Amino acid sequence: MGMITGRGGRDKRVPFRLAADGWPATLQRGGAGQRLFVDNPAIITEPGATWQQFERAMFNIHLGGTAKITWRGRQTAADQLLLDHVPLDGARIVEMGASDGSTAVDLIGRLGDRFASYLITDRFVRIEAVKYGGWTILFRDGLGVVVAGRRVVAWPQMASWMAKALAPILAAAARRPRTEILMLNPDARAILDRDPRVTWAEHDVFVPLAEPVDVIKVGNLLRPVYFTDDQIRVALRAIHASLAESGHLLVADHLRESAGSLFRRTENGFESVALTEPRSEIHDLVVQPGLIGDPV
């Protein structure tokens, strides 16, 4: 897994960067500054963090082979397909791969009172934080995934030498009490607090939901950069099993611009309903004949 450089991009060589909030702004100008400095992911542990700070922090948290990159407004064109082509009154909607909930906030705001329920999901919604010796260490499933100080941010799982260098800090932090952090931005949490129709859960896209729903949106997750075609097919079969008869799947990508493809569930797979230009990267894979074979 590569690592995010600055506010975006990847660099597979050096699993640490300088924390932007710990250095003078004059050092961070130009292309070199963008490559050397990152927004400090420790901000998500602060109660007063804004949704903008939360959003930028997601660029620098890596879990399960994917980065939690997200931002508001990135899937507007794809969402419009859903609004234009699917009857949403009373719809049960699940968003998968929702990261910090920014894209869910966008779509929920456009839906208004039309839907019956909206479940925000990601494989990783919770993380544990420990403050130790001036460092903030983020743990998931017993592993230290981020070590953030005032001036440096490091990712111990990206290189064995970095894990070895940070081993004393990680070992000491592992013995201390941890605080669970919900990796949903403040705007998403505000919606959860005021609207009982909106809930969250940790969910793996490769596993069928417990009960069928009417709409599943998958945002920037089932991409060839993350998974093989065979792995994506397994996820699509799980999604097919999770949709009610004639339910809809919206696949939203964001490369250089917002892209999306909307599909309807059929007995043997999916059929295309509408798409943007450009369309989703996996459009042809979704409508490929023979997708549904053995039960999931």
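A. Examining the pairing of strand E17 (residues 258–266) more closely. Burial of E17 is extensive: seven of the nine residues sit out of reach of the surface. Note: strand E16 (residues 243–254) against E17, seven bridges, orientation antiparallel. Bridge pairing links Ala252 to Gly260 in E17. Bridge count for E17 against strand E18 (residues 269–275) is six bridges, and the pairing is antiparallel. From the neighbouring strand, Ser261 faces E18, where its bridge partner is Leu275. Where E17 folds back onto E18 in an antiparallel hairpin, the turn is made up of two residues.

B. Fine view of the packing of helix H3 (residues 76–85) against helix H4 (residues 102–111). One can describe the packing of H3 onto H4 by two numbers: an axis separation of 11 Å at closest approach and a directional angle of 35°. Our pair here, H3 against H4, has a crossing hand that is right-handed. Contact residues: Thr76, Asp79, Gln80, Leu82 and Leu83 in H3; Leu107, Arg110 and Leu111 in H4. For the contact of H3 with H4, the class distribution of residues is four nonpolar, two polar and two charged.

C. Main features of the sheet that holds strand E8 (residues 115–122). Taken in spatial order, the seven strands line up as E14-E8-E7-E15-E16-E17-E18 in an open sheet, and their pairing is mixed. Each edge of the open sheet is held by one strand with a lone partner, namely strand E14 (198–202) and E18. The sheet shows a mean angle of 25° between the axes of neighbouring strands, taken without regard to direction. The strands that H4 touches are strand E7 (91–96), E8, E14 and strand E15 (213–219); relative to E8, the one it contacts most, it runs at about 175°.

D. Seen up close, the packing of aromatic side chains. Applying the stated rule across the entire model yields four aromatic pairs. Note on Phe115 and Tyr118: the rings are 6.0 Å apart at their centroids and 75° apart in plane angle, and the pair reads as edge-to-face. Here Tyr118 falls in the buried class, since its relative accessible area comes to 0%. Centroid distance Phe206 to Phe227: 5.2 Å. Interplanar angle 80°. Geometry classified as edge-to-face. Of this pair, Phe206 sits in the loop between E14 and E15 while Phe227 sits in the loop between E15 and helix H7 (229–242), and the two are 21 residues apart along the sequence. Here Phe206 falls in the partly exposed class, since its relative accessible area comes to 24%. An aromatic cluster of three or more residues is present, and its members are Phe206, Tyr226 and Phe227. The aromatic ring of Trp23 is capped on one face by Arg151, whose charged end is 4.4 Å from the ring centroid.

E. Examining the sheet that holds strand E9 (residues 126–132) more closely. With mixed pairing, the seven strands of this open sheet are ordered in space as E4-E3-E12-E11-E10-E9-E13. Looking along the sheet, the strands with just one partner apiece sit at the ends: strand E4 (37–38) and strand E13 (179–182). Here helix H5 (residues 160–174) sits on the sheet and contacts strand E3 (16–19), E9, strand E10 (135–140), strand E11 (143–148) and strand E12 (152–154); the angle it forms with E10, its principal contact strand, is near 95°.

F. Seen up close, helix H6 (residues 186–194). Those residues of H6 that sit buried are Ala188, Ile191 and Leu192. The arc enclosing the buried residues of H6, seen along the axis, measures out at 100°, which places them on a common side. Turned more than 90 degrees off the buried face of H6, the exposed positions are Asp193 and Arg194. Taken together, the buried residues of H6 touch H4 and E14. You can read the cap of H6 off the contacts: a side-chain oxygen lies 2.9 Å from the backbone nitrogen of Asp187, and it is on Asn185.

The rules behind the values
Residues numbered from 1 in each chain as written. Predicted model: local features only at pLDDT ≥ 70, side-chain atom pairs only at ≥ 80, totals over all residues. Heavy atoms only, no water. Buried < 20%, exposed > 50% of the residue type's maximum accessible area, 1.4 Å probe, protein only. Helix = DSSP H or I, 4+ residues; strand = E, 2+ residues; numbered from the N terminus. Pairing = 2+ DSSP bridges. Axes fitted to C-alpha atoms, helices over the stretch in contact; angles between N-to-C directions. Left-handed = near helix turned anticlockwise from the far one by under 90°. Contact = heavy atoms within 4.5 Å. Nonpolar A, V, L, I, M, F, W, Y, C, P; charged D, E, K, R; others polar. Phe/Tyr/Trp six-rings, centres within 6.5 Å; stacked < 30°, edge-to-face > 60°. Lys NZ or Arg CZ within 6 Å of the ring centre and 35° of its normal. Arc of directions from axis to C-beta. Polar contact = N/O pair within 3.5 Å; in protein donor to acceptor, adjacent residues only side chain to side chain.

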